[in-house]
Amino acid sequence: MKNNTDRILGFLGLPRNPKIRDKGARRTARALIAAAVLITAAAWTPAVAGPKIAVVIDDFGLTYPKNVPDEEWMKLAFPLTFAIMPESPRTTKAALAAKAAGKEVIIHFPFDPFLSLRLPPQEASAEDLRKVMDLLDKSFRSIPGAVGLNNHRSYKATQNAPIMRAFMGEYRKKGLYFLDSGVSPKSVAAREAASAGIRSIRNDVFLDEARRHDKAFCRRMLRRAADIARKKGQAVAIGHHYFHGTFEGLREMVPELQKEGFEFVFASQVVR
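What this report covers is the structure whose coordinates are included nearby. Just so we're clear, the structure is a prediction, and the values are computed from it rather than from any experiment.

## Digging into the overall build of the protein
Next, step 1: A tally of helices and strands in the protein yields 9 helices and 9 strands.
Next, step 2: Considering the protein as a whole, with its 272 residues, one finds that 47% of them fall into the buried category.
Next, step 3: In the protein, of all internal contacts separated by at least 6 residues, the share reaching a separation of at least 24 is 74%.
Next, step 4: Carbon and sulfur atoms make up 55% of the accessible area of the protein, which totals about 14,200 Å².

## Remarks on the pattern of salt bridges
Next, step 1: Inspection of every chain in the model, using the stated rule, returns 17 salt bridges.
Next, step 2: In this structure, the salt-bridge partner of E87 is K138, at a minimum N-O distance of 3.6 Å. Of the two residues, E87 sits in the loop between β2 (81–84) and α4 (91–100) while K138 sits in helix α5 (residues 126–142), which places them 51 residues apart along the sequence.
Next, step 3: Residue E87 is classed as partly exposed on the basis of its relative accessible area of 46%.
Next, step 4: Residue K138 is classed as partly exposed on the basis of its relative accessible area, which comes to 39%.
Next, step 5: Here R165 and E192 are joined by a salt bridge, their closest N and O atoms 3.2 Å apart. Taken together, the residues R165 in helix α6 (residues 161–171) and E192 in helix α7 (residues 189–195) connect sequence positions 27 residues apart.

## Some words on the packing of aromatic side chains
Next, step 1: All chains considered together, the criterion is met by 10 aromatic pairs.
Next, step 2: Their ring planes at 35 degrees and their centres at 4.3 Å tell us that F60 and F82 sit as a pair that is tilted. Taken together, the residues F60 in strand β1 (residues 52–60) and F82 in strand β2 connect sequence positions 22 residues apart. Exposure class is identical for F60 and F82. Each is buried.
Next, step 3: Aromatic pair F109 and F167: ring centres 5.6 Å apart, planes at 25 degrees, arrangement stacked. A residue pair is termed long-range when its members are at least 10 positions apart, and F109 in strand β3 (residues 104–110) and F167 in helix α6 qualify at 58 residues.
Next, step 4: The cationic tip of K174 hangs over the ring face of F140; the distance from NZ or CZ to the ring centre is 4.7 Å.

About the cut-offs
- Residues numbered from 1 in each chain as written.
- Predicted model: local features only at pLDDT ≥ 70, side-chain atom pairs only at ≥ 80, totals over all residues.
- Heavy atoms only, no water.
- Helix = DSSP H or I, 4+ residues; strand = E, 2+ residues; numbered from the N terminus.
- Buried < 20%, exposed > 50% of the residue type's maximum accessible area, 1.4 Å probe, protein only.
- Contact = heavy atoms within 4.5 Å.
- Areas by Shrake-Rupley, 256 points an atom, 1.4 Å probe, with all protein chains shown as cover.
- Salt bridge = Lys/Arg side-chain N within 4 Å of Asp/Glu carboxyl O.
- Phe/Tyr/Trp six-rings, centres within 6.5 Å; stacked < 30°, edge-to-face > 60°.
- Lys NZ or Arg CZ within 6 Å of the ring centre and 35° of its normal.

Below, the structure written as structure tokens:
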């Protein structure tokens, strides 16, 4: 303890082992030492990260005149993961622009109804798997820099364990992560991804819907994601780049949540 006191006194510019006779001076010296200890302890205490929220924006590659322009999405200053549709008019252009803007890029992969799949319940058909893997190969060629994949729609396929098991067995060779969009409450996609040894996670909240995509709805859903993150330590929220309400809701509310201590991250930072 004496050596620690000497070091602190030296840090404060006071003589070590001082012979202070005045009681008031001794009290002042003790107060200075206590303050130094508290300041030093605070400086050495590691910062505790706040709850994490990963926002994924789907359907890039398909953009219509009435939609929010891709360029506006690219300007948002917080981390976002952009899911790019394969075989779309702006697929490669959107992927390259997203990477240049510092966003995370993943493949927004459509099983059904984009692909005509039979989906037998007992075993994946060779024809189904061939169609899926052909599209996956095309997706990687047209979406440079992808670090993961989530499903576009695929309500039936993600409930079909045989095709999900077969797909994940091939997809794991890519070494990328998988996000189950949670289109169906009966989806087994995340389970099969985890069983295949793929880093994976499931979506928690949709920020918009086909019939509800105003700013107020987005804010309400983003608050729900924040509540989940506060309880679980993290949450994933998915929106769509078409909607002005989603864009305005995120632009307005993300800075508010950041001030509350929430950390916005890429989806790759919350997968397990």
